[in-house]
Amino acid sequence: MAAIVPRLPEARLVETRQRGWVDPYAGLSTFNFARQAPSPEISAYVDHFWVVSWTDLAEPYEQRVVSHPTVNMTITQDFHRIAGVIKGGFSYTMRGSGRVLGARFRPGGFRPFLGGPVSRLTGRFVGIDEMYGAAGATLVEQVLAEPDVRAAIALTEAFLLGLGPDQDPLAEEVAALVAMVESDVSVTRVDELAARSGRSVRSLQRLFRDHVGIGPKWVIRRFRLHEAAERVYRGLDLATLAAELGYTDQAHLTRDFTAAVGMPPAAYARLSGQARS
């Protein structure tokens, strides 16, 4: 049976806010970033496609990222893999000219493509060809050979739809809960989120590990760290920030921040001041 080639939206690739990027000003002066909404056929599973491209870099550039509670499929010359939720920060070094095409799945959206708990992938990178065999290897070859970004995204969507994913009835629930945690900084404890969800704490923990790949406590802390990085970058007071984001004290926030961002908040504030000057 022929693969279904989805119809791509007419909207152009557009830049978006770089939440989770370390020193985003430097990044945007070095490479181009854009994202594409998925077609309706795949939107129950994929949040968006993203593309990073760079040309003729005189020196290698390393971009560090404070990871999100999502699964990503990425294809570049250096690697082609499925990334589960990465607990720490991670980085990618760009050299010369190149392009990375990624698909960020919705929370719970990758479970139908895995056929089991997403926690199996947490902290791991698995090759697309390792997970999907010859079909995965063919996709990688096609995407790397396709210079047009929209065409490369269409190939990726057709591949994913060809896997025949079944829609998960719990995916919408977990995606909505993760979105709530991201957007509402007043959510700082698991029991608060459980109360809002109408689930017990234990039931919520099972739901998140099975569909997101990691527990709700980590998801809350990670989004609060994203918020902290943005606010520190703008020069806001750390002690006040720690209290607002639910940390027991400033030292606790400093430890978490340093582990994820790769430097303490004071150093990051100095870096941001240099970038804005």
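Structure: above.
Residues numbered from 1 in each chain as written. Predicted model: local features only at pLDDT ≥ 70, side-chain atom pairs only at ≥ 80, totals over all residues. Heavy atoms only, no water.

Q: Give me the nonpolar core: which residues, what numbers.
A: Met-73, Phe-105, Phe-110, Phe-113 and Leu-160 are the most contacted members of the largest nonpolar core, which has 30 residues in total. Of all the secondary-structure elements, those providing two or more residues to this core are β2 (46-66), β3 (72-75), β5 (89-105), α2 (111-114), α3 (128-145) and α4 (149-162). When residues of this core are assigned to their parent elements, the largest contribution, six residues, is made by α4. If we ignore the near neighbours within four places in the chain, the residues touching Phe-105 are Tyr-45, Val-46, Asp-47, Thr-70, Val-71, Met-73, Phe-110, Phe-113 and Leu-160. Counting 18 residues, the second largest nonpolar core, distinct from the first, contains Val-181, Leu-204, Leu-207 and Trp-218. (Core = buried A, V, L, I, M, F, W, Y, C linked by side-chain atoms within 4.5 Å. Buried < 20%, exposed > 50% of the residue type's maximum accessible area, 1.4 Å probe, protein only. Helix = DSSP H or I, 4+ residues; strand = E, 2+ residues; numbered from the N terminus. Contact = heavy atoms within 4.5 Å.)

Q: Tell me what's going on with the environment of Glu-182, and back it up with residues and numbers.
A: Among the structural elements, Glu-182 can be located in helix α5 (residues 171-183). When its relative accessible area of 28% is taken as the criterion, Glu-182 is described as partly exposed. Sequence separation of Glu-182 and Arg-224 is 42 residues, and the distance between their C-alpha atoms is 7.8 Å. When residues no more than four places from it in sequence are discounted, the contact partners of Glu-182 are Arg-19, Phe-223 and Arg-224.

Q: An account of the layout of surface pockets is requested, with residue identities and associated values reported.
A: Approximately 970 Å³ is the volume found for the largest pocket. Lining the largest pocket are 42 residues, with Trp-50, Val-65, His-68, Asn-72 and Arg-104 positioned closest to its centre. When contributions to the lining of the largest pocket are tallied by element, the ones reaching two or more residues are β1 (32-36), β2, β3, β4 (80-83), β5 and α5. Looking at which element gives the most residues to the lining of the largest pocket, the answer is β5, with seven residues. (1 Å grid on protein atoms, 1.4 Å probe; cavity = no way out; pocket = protein on both sides within 12 Å on 5 of 7 lines; lining within 4 Å. Points joined across faces, edges and corners; volume = space filled by probe spheres on them.)

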